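Here's the letter readout for the chains.
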Amino acid sequence: MNAFRRWRIAVPLAILSALLLGATVLGAWAYWSEDSAAENALTAFLCLMFAACLGISISIGVDRRIDDVPWLRIGTVVIFIALACGVSWVRDTL
């Protein structure tokens, strides 16, 4: 797989992950003092999940050893985002 194709896969995933990470960090910055300790812990966990998604997304474009479509990495990013939706739902119910 050439570099252009790897980056065509990586860029949308990285943009989505970066937007979600940025929104979470901005919300944490704005409401950190008003939220409870449990909400702050879940917010920090969400930041870690989205940072991992961003790292995995960038690794798709950077890794030259990829010969085929990296379905495992794509699936990992999608599952982390789906799990983050569940974590944010739990955070909202607190």
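Structural data are supplied above this passage.
Residues numbered from 1 in each chain as written. Predicted model: local features only at pLDDT ≥ 70, side-chain atom pairs only at ≥ 80, totals over all residues. Heavy atoms only, no water.

A. Expanded view of the pattern of salt bridges. In this structure the tally under the stated criterion is three salt bridges. The partner of Asp35 in a salt bridge is Arg91, and the shortest N-O contact between them spans 2.6 Å. Placement of Asp35 in the loop between helix H1 (3–31) and helix H2 (37–62) and of Arg91 in helix H3 (residues 71–93) is noted, with a sequence separation of 56 residues between them. The same class applies to Asp35 and to Arg91, which are both buried. For the salt bridge of Arg65 with Asp63, the shortest nitrogen-to-oxygen distance reads 3.1 Å. Exposure remark for Asp63: the relative accessible area of 12% places this residue in the buried category. Connected through shared salt-bridge partners, Asp63, Arg65 and Arg73 make up one network. (Salt bridge = Lys/Arg side-chain N within 4 Å of Asp/Glu carboxyl O. Helix = DSSP H or I, 4+ residues; strand = E, 2+ residues; numbered from the N terminus. Buried < 20%, exposed > 50% of the residue type's maximum accessible area, 1.4 Å probe, protein only.)

B. Structural context of the environment of Leu94. Along the polypeptide, Leu94 turns up in the segment after H3. Given the relative accessible area of 54%, Leu94 is considered exposed. A sequence separation of 52 residues divides Leu94 from Leu42, and the C-alpha atoms of the two residues are 10 Å apart. If we ignore the near neighbours within four places in the chain, the residues touching Leu94 are Ala38, Glu39 and Leu42. (Contact = heavy atoms within 4.5 Å.)

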